[in-house]
Amino acid sequence: MGAVDLSTLTGRALEARISRGVADRWEHSTVDFVRFRPTDVTRYVLRPDRVHRWAPLAPSLFHLALVHVHSRTPVERAEAQVIRRL
C-alpha cells in the first residue's frame, strides 16, 4: 500500500518497473491506480468488494496522507459526503 506521484511517469511505466523486480510472495499481483483526491480515495476504500479486505490501519493511513496533501477540512467534507451517499 502506498501513494505514488505519477506526474513524470505513466501508470504503464510504473507497472513495467515493478515487473522487473525480484518476485516477492508478499507482494500483490495487481496495482490499482486511483486519483489522489479525497472523494476518489474514499470511494475506493469503501468499495463493497474492498471494504473488508484492508489491513486494520490502511484506511487511517490513506486519510492521514490525504490530509497531509489536501488539508483536514476538505478531506473530512469529502469523506462525509461519500459516506452519506452510501
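Everything quoted here is computed from the prediction, not taken from an experiment. (Residues numbered from 1 in each chain as written. Predicted model: local features only at pLDDT ≥ 70, side-chain atom pairs only at ≥ 80, totals over all residues. Heavy atoms only, no water.)

1. What about the packing of helix α2 (residues 38–45) against helix α4 (residues 72–84)?
And step 1. Running from N to C, α2 and α4 cross one another at 45°; their axes reach a closest spacing of 9 Å. Taken together, the axis directions place α2 and α4 in an arrangement best described as oblique. Between α2 and α4 lies a crossing of right-handed hand. Across from Pro38, Thr39, Thr42 and Arg43 in α2, the residues of α4 making contact are Pro74, Val75, Ala78, Glu79 and Val82.
And step 2. Of the residues contributing to the contact of α2 with α4, the split by class is five nonpolar, two polar and two charged. (Axes fitted to C-alpha atoms, helices over the stretch in contact; angles between N-to-C directions. Helix = DSSP H or I, 4+ residues; strand = E, 2+ residues; numbered from the N terminus. Parallel < 35°, antiparallel > 145°, perpendicular 65-115°, else oblique. Left-handed = near helix turned anticlockwise from the far one by under 90°. Contact = heavy atoms within 4.5 Å. Nonpolar A, V, L, I, M, F, W, Y, C, P; charged D, E, K, R; others polar.)

2. Notes on the packing of helix α3 (residues 58–70) against α4
And step 1. Two elements in contact, α3 and α4, have axes whose closest approach is 7 Å; the angle formed by their N-to-C orientations is 130°. As the angle between them shows, α3 and α4 are arranged oblique. Taken together, the residues of α4 that come into contact with α3 (itself represented by His63, Leu66, Val67 and His70) are Arg72, Pro74, Val75, Glu76 and Glu79.
And step 2. Here the residues of the contact of α3 with α4 are counted per class, giving four nonpolar, two polar and three charged.

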